[in-house]
Amino acid sequence: MKKSALLAAPALALAAVTLPTTTATAAESWSFQAELAPVNNSTAAGHAVVDVTGQEATVTVEVAGAPALFQGAPYPHAQHIHIGGQGVCAPPSADADGDGAVSSMEGKPWTGGIGTSLTTSGDTSPASAVAVDRFPAGEAYTYQRTFPVDGATLAALQNGTAVVNVHGADPAALSAAAQAKANPMAPALPLASDIPIACGVLAPAQMAVPEGPADTGVETAAAGSDARGLAGAAVLGMLALGGAAVGLRRRAAGGR
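Here the residue numbering is sequential within each chain, running from 1 through the sequence in written order. Per-residue local features are limited, in this predicted model, to residues with pLDDT of at least 70; the limit for side-chain atom pairs, both in listing and counting, is 80 or more; totals at the level of whole chains, interfaces and linings are taken over all residues. Hydrogens and waters are ignored; side-chain quantities use all the structure's heavy atoms.

The protein appears in an unreviewed UniProt entry as CHRD domain-containing protein from Kocuria turfanensis.

**Student:** What's the story with the state of the cysteines in this structure? I'm lost.
**Tutor:** Two cysteines, two sulfur atoms, one covalent bond between them: this is a disulfide. When two cysteine sulfur atoms lie within 2.5 Å, the pair is treated as a disulfide. Counted under the stated rule, the structure contains 1 disulfide. The disulfide that involves Cys89 links it to Cys199, with 2.0 Å between the sulfurs. Looking down the S-S bond of the Cys89 and Cys199 bridge, the torsion is -95 degrees, so its handedness is left-handed. Placement of the pair is Cys89 in the loop between strand S6 (79–84) and helix H2 (104–111) and Cys199 in strand S12 (residues 196–201), with a sequence separation of 110 residues. What makes Cys199 buried here is its relative accessible area of 3%. Strands here are runs of E lasting at least two residues and helices are runs of H or I lasting at least four, both read from the DSSP assignment and numbered beginning at the N terminus. Partly exposed residues are those whose accessible area sits between 20% and 50% of the maximum for their type, while under 20% is buried and over 50% is exposed, using a 1.4 Å probe and protein chains only.

**Student:** Would you explain the nonpolar core in this entry?
**Tutor:** Side chains of nonpolar character tend, in soluble globular proteins, to be buried together. Counting 37 residues, the largest nonpolar core has Leu36, Val50, Val52, Val59, Val61, Ile81 and Leu202 as its most contacted members. Counting residues per element, the ones that place at least two in this core are strand S1 (29–38), strand S2 (45–53), strand S3 (56–64), S6, strand S8 (141–148), helix H3 (151–159), strand S9 (163–167) and S12. Sort the elements by how many residues they give to this core and S3 lands first, with 4 residues. Contacts of Val52, omitting those with residues within four sequence positions, involve Glu28, Ser29, Trp30, Phe32, Ala57, Val149, Leu154 and Leu157. Throughout, nonpolar core names a set of buried Ala, Val, Leu, Ile, Met, Phe, Trp, Tyr and Cys residues whose side chains join them through atoms within 4.5 Å. Contacts are assigned to residue pairs that have any heavy atoms within 4.5 Å of one another.

**Student:** Would you explain the environment of His47 in this entry?
**Tutor:** You can see His47 is positioned in strand S2. C-alpha separation for the pair His47 and Val61, spaced 14 residues apart in sequence, amounts to 5.8 Å. Those residues within four positions of His47 in sequence are excluded, and the remaining contacts are Gln33, Ala34, Glu35, Leu36, Thr60, Val61 and Glu62. Within the structure, the side chain of His47 is placed 3.5 Å from the backbone oxygen of Ala34, a separation counted as a polar contact. Identification of polar contacts relies on pairs of N or O atoms within 3.5 Å, with a donor-acceptor requirement for protein atoms, meaning one able to donate a hydrogen and the other able to accept it, and with residues adjacent in sequence counted only if both atoms are side-chain atoms. A polar contact is formed between the side chain of His47 and the side chain of Glu35, at a distance of 2.7 Å.

**Student:** For this particular structure, what's the right way to read the pairing of S12?
**Tutor:** Regular strands place side chains that alternate from one sheet face to the opposite one. Buried residues dominate S12, accounting for 5 of its 6 residues. Should DSSP find at least two bridges between two strands, the strands are regarded as paired. Of the pairings in the sheet, the one linking S1 to S12 comprises 2 bridges and is antiparallel in character. Note on S12: the bridge partner recorded for Pro38 is Ala198. As paired elements, S9 and S12 share 5 bridges and run antiparallel to each other.

**Student:** Any chance you could explain the environment of Ala48 here in plain terms?
**Tutor:** Along the polypeptide, Ala48 turns up in strand S2. Look at Ala48 and you get buried, because its relative accessible area is 0%. The sequence separation of Ala48 and Leu36 amounts to 12 residues, and the corresponding C-alpha distance is 7.1 Å. When neighbours within four sequence positions are excluded, Ala48 is seen to be in contact with Phe32, Gln33, Ala34, Leu36, Thr60, Val61, Val164 and Leu202.

**Student:** Would you take a moment to explain the pairing of S2 for this structure?
**Tutor:** Of the strand pairs in this sheet, S1 and S2 are connected by 8 bridges, and their pairing is antiparallel. Pairing of Gln33 across the sheet is with Val49, part of S2. Remark: 6 residues form the turn of the hairpin made by S1 and S2, two consecutive strands paired antiparallel; Asn40 in that turn has positive phi of roughly 55 degrees. Pairing analysis gives 9 bridges linking S2 to S3, with the strands arranged antiparallel. Looking at S3, one finds that Val49 is bridged to Thr60. Taking the residues that link successive antiparallel strands as the turn, the S2-S3 hairpin has 2 residues, and the phi of Gly54 there is positive, at about 65 degrees.

**Student:** Can you help me understand H3 in this one?
**Tutor:** When we look at burial in H3, the residues that qualify are Thr153, Leu154, Ala156 and Leu157. Along the long axis of H3, the arc covered by the buried residues comes to 160 degrees, so they all point the same way. In H3, those exposed residues whose orientation departs by more than 90 degrees from the buried face are Gly151 and Asn159. On the buried face of H3, the contacting elements are S1, S2, S6 and strand S7 (112–117). The opening residue of H3, the one whose side-chain oxygen lies 3.1 Å from the backbone nitrogen of Ala152, is Asp150. Gly160 occupies a position one or two residues after H3 and carries a positive phi of about 80 degrees. When we speak of the arc, we mean the arc of directions from the helix axis to the C-beta atoms.

Written out as structure tokens, the structure is:
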């Protein structure tokens, strides 16, 4: 057997049991959730989840206890992800004009402006902030929609400053001063349609870590047993082949 073949044999033995070190990676994924607590003396509450994969977001919002009717029809409740503020729900002290309710504009320093409009169809940009015909309606609802998420909203989610606001207060529950005002973003609507009734900060969801390796349907060597056995066999094979090569070289040298 040629010397070069003997020297190459250990490397071939190791390569035979070396596992691939690179695998295809899926698109990055994140999950965020918020508990929606009543604000502005409302009875509305709920839960919001934002699951992001790559550049797409699936948003789920569940709300109960919201005002059911407005002017004899199901009350449309505008809902948004707010960004660019302090990343907190506006406190009662944000009521700058003293009318007993914190409007969206008054709460903006805390929640930030509208980053995404959680509409049921069509556009989801801030331009749809008051698209009342494309928001969920009624006392209780479950909303779910998947759509592209813009970079500013994604950044706010990742840095913990994204806030969900659900709007649409009962006009009868507001003070006379508040009832007399119009929605600053849609003057044809009363201020009540702008008043937040539930709010929550979107935080990273706690993900459960499964025990043991994922079930891929493909049998693989166990890290603590077969894998070590294969590696050990490779090392022993390398030592044996290497020893044989050294012995042959010595015998060849002695015969010169």
